[in-house]
Amino acid sequence: MDYVLPDKLNYCWQNQQITNEHLKSGFVGYKRMKGKSVNMLHRTSIYNFISATLTIFFVSTSNAMAYEEPEYKLIKSTDVYEIRHYEERLAVKTTQSKSQIGAFRRLFNYISGSNESSSKIAMTVPVIQSKDISGTSMIFFLPKIFTKQSAPLPDGDDVELITVKGGFYAITKYSGRSTDRNYIKHSTRLFEALRKDNILTIGDPVMATYNGPFTLPFMRRNEAMYRVNWK
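Since this is a predicted model, take the numbers as computed values, not measurements.

Focus on unusual backbone geometry
Point 1. Of the consecutive residues Val125 and Pro126, the connecting peptide bond is found in the cis state with omega at 0 degrees.
Point 2. Structurally, Pro126 can be placed in the loop between helix 5 (100-111) and strand 4 (127-132).
Point 3. For Ser118, which is not a glycine, the phi torsion comes out positive at approximately 55 degrees.
Point 4. Within the secondary structure layout, Ser118 lies in the loop between helix 5 and strand 4.
Point 5. For Ser118, a relative accessible area of 55% translates into the label exposed.
Point 6. Unusually for a residue other than glycine, Asn198 sits at a positive phi of about 60 degrees.
Point 7. With respect to the helices and strands, the residue Asn198 is situated in the loop between helix 6 (180-196) and strand 8 (200-209).
Point 8. A relative accessible area of 72% places Asn198 in the exposed class.

Here it is, written out as structure tokens:
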């Protein structure tokens, strides 16, 4: 399943009202222009499609750099993976038994003001996802200005404030859609490379997503991560 955000939440990634209709704009002219010149229809369709694509391209690339992400120290780099050291970081977490959209919406509502102090909190990247027998867990990191004392408490039981442990993590980066198939392919490749290098993994892998749904697939930044025992 691709990591798809509901239309009403897209602006938290892009800060502009771009909908799926933009992607279809290269084809919507057919009914309106039926019976007119085929060449004109062709030119209009191409023009609309290119315009929509360029709009998405520039919005996605310009805004992607604006989001805060956890700082880390690079320990080692290979052709397949990096070893990074992260400090502990405050975050909010929720678990959804079925839909990823439900999990995202709860966390998005929290940073939009559905918390005990009605505070609005800036979006950060990456969005972290992991799976276990209870369902899919999703995590938003809080901006580093927050502490346990200053972070607003969630106003519901389905979102919790947590501290993500610091430590050493092995990460492999990949582009493309953030589907389960793509993630499993790269997390398996990461695990095999770590095993070959005698690096012990701790727990299950997690998926890190850095871009919104309107970033072109070849420009997306996705990561598969394992916590590792590094000495």
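Next comes the rest of the write-up.
Examining the pattern of salt bridges
As a working rule, side chains carrying opposite charge can pair if their charged atoms are close by.
Point 1. Evaluation of the coordinates by the stated rule reveals nine salt bridges.
Point 2. The partner of Glu71 in a salt bridge is Lys144, with the nearest N and O atoms 3.1 Å apart. Within this pair, whereas Glu71 is found in the loop between helix 4 (38-64) and strand 1 (72-77), its partner Lys144 is found in the loop between strand 5 (135-141) and strand 6 (160-164), the two being separated by 73 residues in sequence. The burial state of Glu71 is the same as that of Lys144; both residues are exposed.
Point 3. Linking Glu82 and Arg84 is a salt bridge whose minimum nitrogen-to-oxygen distance equals 2.9 Å. We note that Glu82, like Arg84, is buried.
Point 4. Residues participating in the shared-partner salt-bridge network are Glu69, Glu82, Arg84, Lys173, Arg221 and Glu223.

About the cut-offs
Residues numbered from 1 in each chain as written. Predicted model: local features only at pLDDT ≥ 70, side-chain atom pairs only at ≥ 80, totals over all residues. Heavy atoms only, no water. Helix = DSSP H or I, 4+ residues; strand = E, 2+ residues; numbered from the N terminus. Buried < 20%, exposed > 50% of the residue type's maximum accessible area, 1.4 Å probe, protein only. Salt bridge = Lys/Arg side-chain N within 4 Å of Asp/Glu carboxyl O.

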